Structure formats: structure tokens, C-alpha cells
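# Per-entry structural report
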Protein chains: 2
Amino acid sequence: MKVTIVGVGLIGGSMAIDIKAVYPNAVVSGIDLDKNNLQKAMELHVIDQKGDFQSLFEEDIVIIAIPVDASVNILPKVLDQVGDSTIVIDTGSTKADICNVLRDHPKRRNFLAAHPIAGTEFSGAQAALANLFRNKTNIICEVEKTAFTLQERALELFQKLGMRIRYMDPASHDKHIAFVSHLSHISSFMLGKTVIDEEKNERDIFDMAGSGFESTVRLAKSSPAMWTPIFKQNKDNVIHSLDKYIENLVQFKRLMEQDDFESLYHEMNDTNHIKTILNGMK
Amino acid sequence: MKVTIVGVGLIGGSMAIDIKAVYPNAVVSGIDLDKNNLQKAMELHVIDQKGDFQSLFEEDIVIIAIPVDASVNILPKVLDQVGDSTIVIDTGSTKADICNVLRDHPKRRNFLAAHPIAGTEFSGAQAALANLFRNKTNIICEVEKTAFTLQERALELFQKLGMRIRYMDPASHDKHIAFVSHLSHISSFMLGKTVIDEEKNERDIFDMAGSGFESTVRLAKSSPAMWTPIFKQNKDNVIHSLDKYIENLVQFKRLMEQDDFESLYHEMNDTNHIKTILNGMK
């Protein structure tokens, strides 16, 4: 099996590692704008060899794992290049724009829009991990637009990587993912900023920060090059989720100002319900 | 050595476990308003026996690990009971009120105000963990007001539990801890609330939540009975930190509305500096 990964970072690199493990005969090529990253991917044996756009027509699977603005630009050209029996899988965190851009592409049937919900706050080939996708959810949009045999090949891959599949339309995906993923990143980035701003002259203060702070601010380590285009593409949904979040924070502050600590208790107690929800995620 | 733990929950219970490990001759008694929790602590061998307030004068160490409003009420009475050579250590997350309440107590020299920065989002005796305090920071306030020999006993205990000590005045402690701990809990609780509110009719949506959401919302599982009094006691500092946080979120939203994604990139890139800060915490 011949596979090309476009963007050999955290997601693309982790895909490459698992593909080589589950398909021992696979030859995995990598394409990356960042020559140093591509070299690193070679040295770490994340990929087998460097690939190029000109030979995409020979590939069985092409995986796109680059920032979502670059995907929108490059995917029509990738589809132009591929052969009739190549499946091109996008893995970005927004799905409406990409599905829209490819809607009338003559090779739309060679494309599968996916979003594997997996990752860490790190980036680049050196962040790639084996088994990153095991027991994670993979959301597939507009599955009916992909050729049946190519769907099968992609689903076999996802199954071998240990993912569970959910089908969803692109608009619903982008609306819900704003709340359960994109908003978390903003809350974390702004928490980090708030504390750094306040405490920048107090070098010892971070000694006071415990595992709670560390966990809440973890996503503020994420790559701005990846996240800026996501916020741009999903602007309306993200602004809506931010509005709701800010409203709740203002309400919390108001209860404190009014010394209404009983209501505050109930707010937090109700939110403890997140325990059950998160347990359901396991 | 005789030790009584008042409040055999996550913090008090974890202290008990470690004390029994590092002082094999210690007899650890537990006091808890919640009879079921006390029974559980006995069954789990977190404590050796049930204690009572009447015999506190015999103890070498008394550790107070209860909600901060209860500490302010109970600590003057505990100090009334203890012997001349008992050290009473408070472990709460706010320090100004407690130091203020005990300022003129005749046995102020028997008291040490501490805040071990350690914990998880769980509570009760069954949440107690061995080695919870290892390599964690313990903030001590007004150390000069504690009798020297009793300071020594407490510091030996903290050292054996593996903690590093920082000295700070109570007002500075409360000001900084609002940013690096209390604010994280609010950001997490309100993130949980926002997502639950929005998605309550969408039972499958949490399948879409990944490890990022889980990490950011983890603190929303915390005990409201513990956190409500903390927010009450540290009201002014917490409101100040919330104001700054809300300002930053509103500013982030404004940049999105203005399509100023370049500034958004720079905001996030600057905040990536949190990586270095968190590495410094290790």
C-alpha cells in the first residue's frame, strides 16, 4: 500500500507511525513545506521517504494534516493530481469550508472529510506518537459523497487505528466543535495571558501554581499557526460560544459581588454533572 | 508521635497516609463531621482511630484540612484545647482571614498557617493518595509568629513529605493564589456550564470532546462545598482576577469580530511563553 502524508506534524506523523505498524507493507511518503520538519520526520523514521505532489496519482491513500487554511487552498490541487482509486482524507478541525470548496470538484468522490479528535498541545514531527488515535472519536462528514470502495478503504484504516466513527453534517460538526474544542483553547490561552500579564514581575509566583493551573492552561501551549486559521474558518460559531462563556463568567462575578454564595454553590454543584459526562467519554 | 487530622478528606487523608509512612510510630486520629466519611477513613486505614476535640492537648501535631469557612470558626477553639507543645497546622487555600482571626489568640505561637499546593479534583477519604505532596510547594505565612521548636517540628514533617517551602505574607498569598489557582477553577466551572447549557439536548455531542476539553474542564469536578467558602473569603482578589480574565476574553472576541487574525496569532504566540513557565514549575 502506498500512502502519502501531507503535513508530517503531530497528526500526520502519528498517522504515519500507526499506518506503518498496522500495514507492514505500506510505503509512507511525507510532504512538508518545512524542510527541517521533513528531515526530522525522516530521521525519526516517522515516514519512509520524501514524497512529492507529482506522484500522488500512484497513491492508495493521501492524508492531509496541515493548518485548515492551507487545506482549503491545497486540497483542490491535490484532488486534481490523484488517480481514480486514490482516497484523499482531510483531518482538519473545521469541516464546513473544506466541504464547500470541494463540493463541485470533479473528483469529489475521491475525498473523505474527517476529523480525528485526538492530539496533544505539541506540534511537529517530533510530537508524533504511536496509538494517538486508539479509542478516539473520528467524525466523518458527507460520507455519502465519497465513492463506496474508497470509503471502505478509509474505514478499514480508521478501524485498524482503533478509532470509533461518528457521522455528522459539516455545519453541525463546526457548531458543536466550537463548544467542545475551540472554546477550550481560547479559555486556556486567555487564562495563560491573564496570569502572565498579572504576574510578569513576580518570577517566583509560578511556584504557587499547582496541577490544577497546569491542567487548565495546558492548551495555551498549542500552536498559533494551527489555531488561528481554525478560529478564522469557524468564526461565527466560535464567537457564539465565546459570548455564552463570557456571559457565564460575568454572571458568576455578579453573584460574587452580590454576596450570593448560595447561588454560586448551586452553579458549581450543577456543573459537577460534568463528571458523569466525562466518564461517559471513556 | 500523636497526630490528629481534622477533616479526613483529600488533603487531610493524604497527609495521614504519608505521616503513617514516614513516622512508623505515629498514631493518627481523625475527626470529621461526616460520620460516613470518618468510617470510610477507618476502613481504608487512612487513619488509625477516631479522635476527639477533648484530647487535643495530648497531641504533637494537629492538622486542619476542612473548608476555609469552617477553619475560621473552629481554629480558635482548637487552639484553646491544645497543649503548650502542640503544633496546629492549617492547610486551607486562603490565608488572610485565618491569620487575622488568630492574631491575638493567646496560643498564636502554637499555630502555623500553611497552604500545601497539592490536590486533585476529587474529595473525601477515598480520594486520599500516598505521596500527594511530594515535590509540591507549601506556602507558609507569618512563620515568625510560630514558636521556634514547633516550626521545626512542622518543617521536619513537610520535609519528610517531600515538599519545598516558600514563605509569604498572607495578603500576598491570597492575591497571587487568586490568579494561579482560584481563577483556574472558575474558568473551568464556567466552561463546563457553558458546554452543558448549550449541548444538554445533544447527548452524543460529548463524543466529540477530546483530551483537550477534558483537561480544561477537569477542575469543574471539584467540590462546591470546599470552593464556595474560598471564593467568599478571597472575594476581592478573585473578582479582580475575573475582571482581568473577562477583559482578555472580550478583547479576543473583538479581534475575531474585526477579522484581525494577525493580532490573534500574536496574542496566542506570546502566551505560548507559558511553556517555559510551566517547565520551570517541574
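A quick note: this is a predicted structure, and the numbers were derived from the prediction, not measured. (Residues numbered from 1 in each chain as written. Chains lettered and ligands numbered in written order. Predicted model: local features only at pLDDT ≥ 70, side-chain atom pairs only at ≥ 80, totals over all residues. Heavy atoms only, no water.)

## So, the sheet that holds strand 6 (residues 111-116) of chain B
All names here are of chain B. Pairing in this open sheet of eight strands is mixed, and the strands run 3-2-1-4-5-6-7-8 from one edge to the other. Of all strands in the sheet, those with a lone pairing partner are strand 3 (49-50) and strand 8 (164-168), marking the two edges. In this sheet, strand 3 lies alongside strand 2 (residues 27-31) in parallel orientation, the contact comprising two bridges. From the neighbouring strand, serine 29 faces strand 3, where its bridge partner is glutamine 49. With respect to the sheet, helix 5 (residues 148-160) is in contact with strand 4 (61-64), strand 5 (87-90), strand 6, strand 7 (137-141) and strand 8, its orientation differing from that of strand 5 by roughly 50°. (Pairing = 2+ DSSP bridges. Helix = DSSP H or I, 4+ residues; strand = E, 2+ residues; numbered from the N terminus. Contact = heavy atoms within 4.5 Å. Axes fitted to C-alpha atoms, helices over the stretch in contact; angles between N-to-C directions.)

## Here we look at the pattern of salt bridges
In total, this model carries 24 salt bridges over all chains according to the counting rule given. Of the charged contacts, one joins Asp48(B) and Lys20(B) as a salt bridge, the two residues approaching to 3.3 Å between their closest N and O atoms. Here the residue Asp48(B) occupies a position in the loop between helix 2 (35-43) and strand 3, and Lys20(B) occupies one in helix 1 (residues 10-22), the gap between them amounting to 28 residues. Members of the salt-bridge network, linked through shared partners, are Arg108(A), Glu142(A) and Lys145(A). (Salt bridge = Lys/Arg side-chain N within 4 Å of Asp/Glu carboxyl O.)

## Description of unusual backbone geometry
Apart from glycine, the bulk of residues carry a negative phi angle, and the bulk of peptide bonds sit in the trans form. Notably, Glu142(A) is not glycine yet its phi reads approximately 50°, a positive angle. Relative to the elements of secondary structure, Glu142(A) occurs in the loop between strand 7 (137-141) and helix 5 (148-160).

## Some thoughts on the nonpolar core
Counting residues in each nonpolar core, the largest one holds 115 residues, and the members touching the most others are Phe231(A) and Phe231(B). If near-sequence neighbours (up to four positions away) are discounted, Phe231(B) is found in contact with Phe252(A), Met256(A), Phe261(A), Leu264(A), Met268(A), His182(B), His185(B), Ile186(B) and Val238(B). (Core = buried A, V, L, I, M, F, W, Y, C linked by side-chain atoms within 4.5 Å. Buried < 20%, exposed > 50% of the residue type's maximum accessible area, 1.4 Å probe, protein only.)

## Focus on helix 2 (residues 35-43) of chain A
All names here are of chain A. When helix 2 is considered as a whole, its buried residues turn out to be Asn37, Leu38 and Ala41. End-on view of helix 2: buried residues confined to an arc of 100°, all on one side of the axis. Structural note: helix 2 exposes Lys35, Asn36 and Glu43 on the side pointing more than 90 degrees away from its buried face. Among the structural elements, strand 2 (27-31) and strand 3 (49-50) are those in contact with the buried residues of helix 2. Between a side-chain oxygen at the N-terminus of helix 2 and the backbone nitrogen of asparagine 36 the separation is 3.0 Å; the capping residue is aspartate 34. Histidine 45 sits one or two positions beyond helix 2 and adopts a positive phi of about 60°. (Arc of directions from axis to C-beta. Polar contact = N/O pair within 3.5 Å; in protein donor to acceptor, adjacent residues only side chain to side chain.)

## Focus on the interface of chain B and chain A
Counting from both sides, the interface comprises 84 residues of chain B and, opposite them, 84 residues of chain A. Taken together, both faces of the contact between chain B and chain A bury some 8,500 Å²; the carbon and sulfur share is 69%. Run the count over chain B and chain A and you get 24 residue pairs in polar contact (both at pLDDT 80 or more). Of all the secondary structure elements, the ones that give two or more residues to the side of chain B that touches chain A are strand 7, strand 8, helix 6 (170-199), helix 7 (211-217), helix 8 (224-233), helix 9 (235-257), helix 10 (261-271) and helix 11 (274-281) of chain B. Sorting elements by how many residues they give to the side of chain B that touches chain A places helix 6 of chain B first, with 20 residues. (Buried area = accessible area lost by both parts, 1.4 Å probe.)

## Overview of the packing of helix 3 (residues 68-81) of chain A against helix 8 (residues 224-233) of chain A
All names here are of chain A. Contact geometry of helix 3 with helix 8 gives a least axis separation of 7 Å together with a crossing angle of 75°. Taken together, helix 3 and helix 8 sit at an angle that is classed as roughly perpendicular. Judged by residue contacts, Val68, Asp69 and Val72 of helix 3 engage Pro229, Ile230 and Gln233 from helix 8. (Parallel < 35°, antiparallel > 145°, perpendicular 65-115°, else oblique.)

## Some points on the domain arrangement of chain A
Residue and element names in this part refer to chain A. One can read the domain layout of chain A as domain 1 (2-168) and domain 2 (173-281). A separation of 30 Å is found between the C-alpha centroids of domain 1 and domain 2. Residue-level contacts link 19 residues of domain 1 with 15 residues of domain 2. Of the roughly 1,400 Å² buried at the junction of domain 1 and domain 2 (both faces included), carbon and sulfur atoms supply 59%. Taken as a group, Ser93, Thr94 and Glu121 account for 41% of the area that domain 1 buries against domain 2, more than any other trio of residues on that side. Connecting domain 1 to domain 2 are two salt bridges. In this structure, the salt-bridge partner of arginine 218 is glutamate 121, at a minimum N-O distance of 2.7 Å. Our count for the contact surface shared by domain 1 and domain 2 stands at seven residue pairs in polar contact (both at pLDDT 80 or more). Those elements giving two or more residues to the side of domain 1 that touches domain 2 turn out to be helix 3, helix 4 (96-101), strand 7 and strand 8 (164-168). For the side of domain 1 that touches domain 2, a count of residues per class yields nine nonpolar, five polar and five charged. (Domains from an automatic or database assignment. Nonpolar A, V, L, I, M, F, W, Y, C, P; charged D, E, K, R; others polar.)

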